[in-house]
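Descriptive analysis of the structure
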Amino acid sequence: MSHVLMNGADDAPNRVLLAHGAGAGMEHAVMTCLAEGLADEHIQVIRFEFPFMQKTRLDGRRRPPDREPALLTCWREVVAEFAHPRLFLAGKSMGGRMASLIADELTPAGLILLGFPFTPPNKPEKFRGQHLASLQTPSLLVQGERDNFGNKETILGYDLAPTIQTLWVKDGDHSFSPRKSSGTTLEHNLAAIVAGMRSFILAR
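Quick look at the structure, then. Bear in mind the structure is a predicted one, so any value in this text is a computation, not a measurement. (Residues numbered from 1 in each chain as written. Predicted model: local features only at pLDDT ≥ 70, side-chain atom pairs only at ≥ 80, totals over all residues. Heavy atoms only, no water.)

Notes on the sheet that holds strand β3 (residues 43-48)
Reading across the sheet, the 7 strands line up as β1-β3-β2-β4-β5-β6-β7 and stay open at both edges, with mixed pairing between neighbours. Strand pairing shows two members of the sheet lacking a second neighbour, β1 (5-7) and β7 (164-169), which therefore form its edges. The mean inter-strand angle of the sheet, taken between neighbouring strand axes irrespective of direction, is 15°. Strand direction decides the pairing type here: β1 and β3, joined by 3 bridges, are antiparallel. (Pairing = 2+ DSSP bridges. Helix = DSSP H or I, 4+ residues; strand = E, 2+ residues; numbered from the N terminus. Axes fitted to C-alpha atoms, helices over the stretch in contact; angles between N-to-C directions.)

Written out as structure tokens, the structure reads:
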């Protein structure tokens, strides 16, 4: 792994590996806020990037995500490199979806899905969450109520495994941002996400 960002104590009793989504890397403001907000003496957060984003970092040229096998290989390599007795896999959108595909194989202490991309916007026929019906790994699904990759109304009709608990982000879109008329703010939503993640991790 060429480059990672670490927050929290090296000897923390819990470690979270945090993957980015398809459109922005590990230094995106939301990723940074979540990592820095979650990390302390009890939880270490390690952010990493998939190969396509590492290449973009080197030359500044935007690329589409790597194919699924390469993304899964990257996840496996990071888990092996940063093994920990209490390891949690977490990912924004695509990063979380990839982690969910191999979570039962890797047997982490838990899985955190930050804005799971159930379907592409306006393409409900392209459902990408079939495997979540049989997921054995204890999981926290953090989803914006109006996420256009899977909103609250739609997800409540899905068959999700009993191992998955859901944290709804008030009026949040795919980036967890609410509308001004909602009575909440992105900062408040991110603070609520951090609190929910912390409770999930420390309760395991």
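Things to note about the pairing of strand β5 (residues 110-114)
Look at any regular strand and the pattern is simple: side chains alternate between the two faces of the sheet. Taking burial as the measure, the 5 residues of β5 include 5 buried ones, the bulk of the element. In β5, alternate side chains face the same way, and those of Gly110, Ile112 and Leu114 on one face and Leu111 and Leu113 on the other are all buried. Bridging between strand β4 (residues 87-92) and β5 involves 5 bridges; their strand directions are parallel. What sits directly across from leucine 89, in β5, is leucine 111. Read from β4 through helix α4 (residues 94-106) to β5, the crossover connection turns out right-handed. Bridge count for β5 against strand β6 (residues 139-144) is 4 bridges, and the pairing is parallel. Each bridged residue has a counterpart across the sheet, and for leucine 111 the counterpart in β6 is serine 139. (Buried < 20%, exposed > 50% of the residue type's maximum accessible area, 1.4 Å probe, protein only. Right-handed = clockwise from strand over helix to strand, strands pointing away.)

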